[in-house]
Amino acid sequence: MSIKRKLILEAARTLFNENGYHNVTIRMIALKMKMSSGNLNYHFKKREDIFEVLYFEMVEEFDQRIDVLPNTEVSIEQLRNDVESSMKRMLDYTFFWTDLYNLLSISDRVRAHFQEVYKNRIGGCFFLFEKLKQKNLMREASFEKEYNFLAERMINYGNTWLYSSRLYSNKLDAHNIDYYVNTYLSILFPFLTSQGKSEFQNLLPELFG
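Residues numbered from 1 in each chain as written. Predicted model: local features only at pLDDT ≥ 70, side-chain atom pairs only at ≥ 80, totals over all residues. Heavy atoms only, no water.

Draft legend 1. Geometry of the side chain of Ser107. Mapped onto the elements of the fold, Ser107 is located in the loop between α7 (100-103) and α8 (108-134). Here Glu52 takes part through its side chain, which lies 2.7 Å from a polar atom of the side chain of Ser107. (Helix = DSSP H or I, 4+ residues; strand = E, 2+ residues; numbered from the N terminus. Polar contact = N/O pair within 3.5 Å; in protein donor to acceptor, adjacent residues only side chain to side chain.)

Now the structure itself:
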């Protein structure tokens, strides 16, 4: 990718985050870049093309994390680090997560990928649960679909925490997302064994003060 395209994407992402995708025009992006709309159109024919590239740029890191999951040493601490890293990545693309429902209707490619990733994330949750159970950090399910419901809850919170945070606060950045990371992890707490809860408490003692 050329340096010019990268700069256009960065400018567009900044504007989308500040104003919302639907409130940003090609002309606004061109003005921020101090170039003509025609020159910008040489690199991207329409706003939707920019959106697609930004989406796949964003999810590349998430896709890679799913790919290496089978070789990852699982622990409560490792899980927290992954969640924090993912949430910081999401902050860089706030415009997408705060308007998820509407933006998924813009591109068939994006919608198809997002739906496929959902299946992979469900599989990733079950892989995580099995690893935690093998380490005696997580208990067995109490009924057949219990962990299906748990996986759904974790994925839904992962998709919507950023939108929800904007309903109540405008001051969210990479330095103050601990609350949302810990809220996500706390979904797991009732399903941990005594050993798992002890590891959780040792990692996050501030939650039990």
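Next, the rest of the story.
Draft legend 2. The packing of helix α4 (residues 47-68) against helix α5 (residues 76-91), seen in detail. Two elements in contact, α4 and α5, have axes whose closest approach is 10 Å; the angle formed by their N-to-C orientations is 165 degrees. The angle between α4 and α5 places the two elements in the roughly antiparallel class. When you trace α4 past α5, the crossing you get is left-handed. Between α4, through Glu57, Met58, Glu61, Phe62 and Arg65, and α5, the contact on the second element is made entirely by Asp82, Ser85, Ser86, Arg89 and Met90. (Axes fitted to C-alpha atoms, helices over the stretch in contact; angles between N-to-C directions. Parallel < 35°, antiparallel > 145°, perpendicular 65-115°, else oblique. Left-handed = near helix turned anticlockwise from the far one by under 90°. Contact = heavy atoms within 4.5 Å.)

Draft legend 3. Focus on the pattern of salt bridges. Summed over the entire model, instances satisfying the criterion amount to 13 salt bridges. Notably, a salt bridge pairs Glu84 with Arg80, separated by 3.3 Å at the nearest N-O pair. Placement of both Glu84 and Arg80 in helix α5 is noted, with a separation of four residues, approximately one turn of the helix. Lys133 serves as the salt-bridge partner of Glu140, at 3.5 Å between the closest nitrogen and oxygen. A relative accessible area of 56% means that Glu140 is categorised as exposed. Residue class for Lys133 comes out buried when judged on its relative accessible area of 17%. Linked by salt bridges that have partners in common, Arg80, Glu84, Lys88 and Asp178 make up one network. (Salt bridge = Lys/Arg side-chain N within 4 Å of Asp/Glu carboxyl O. Buried < 20%, exposed > 50% of the residue type's maximum accessible area, 1.4 Å probe, protein only.)

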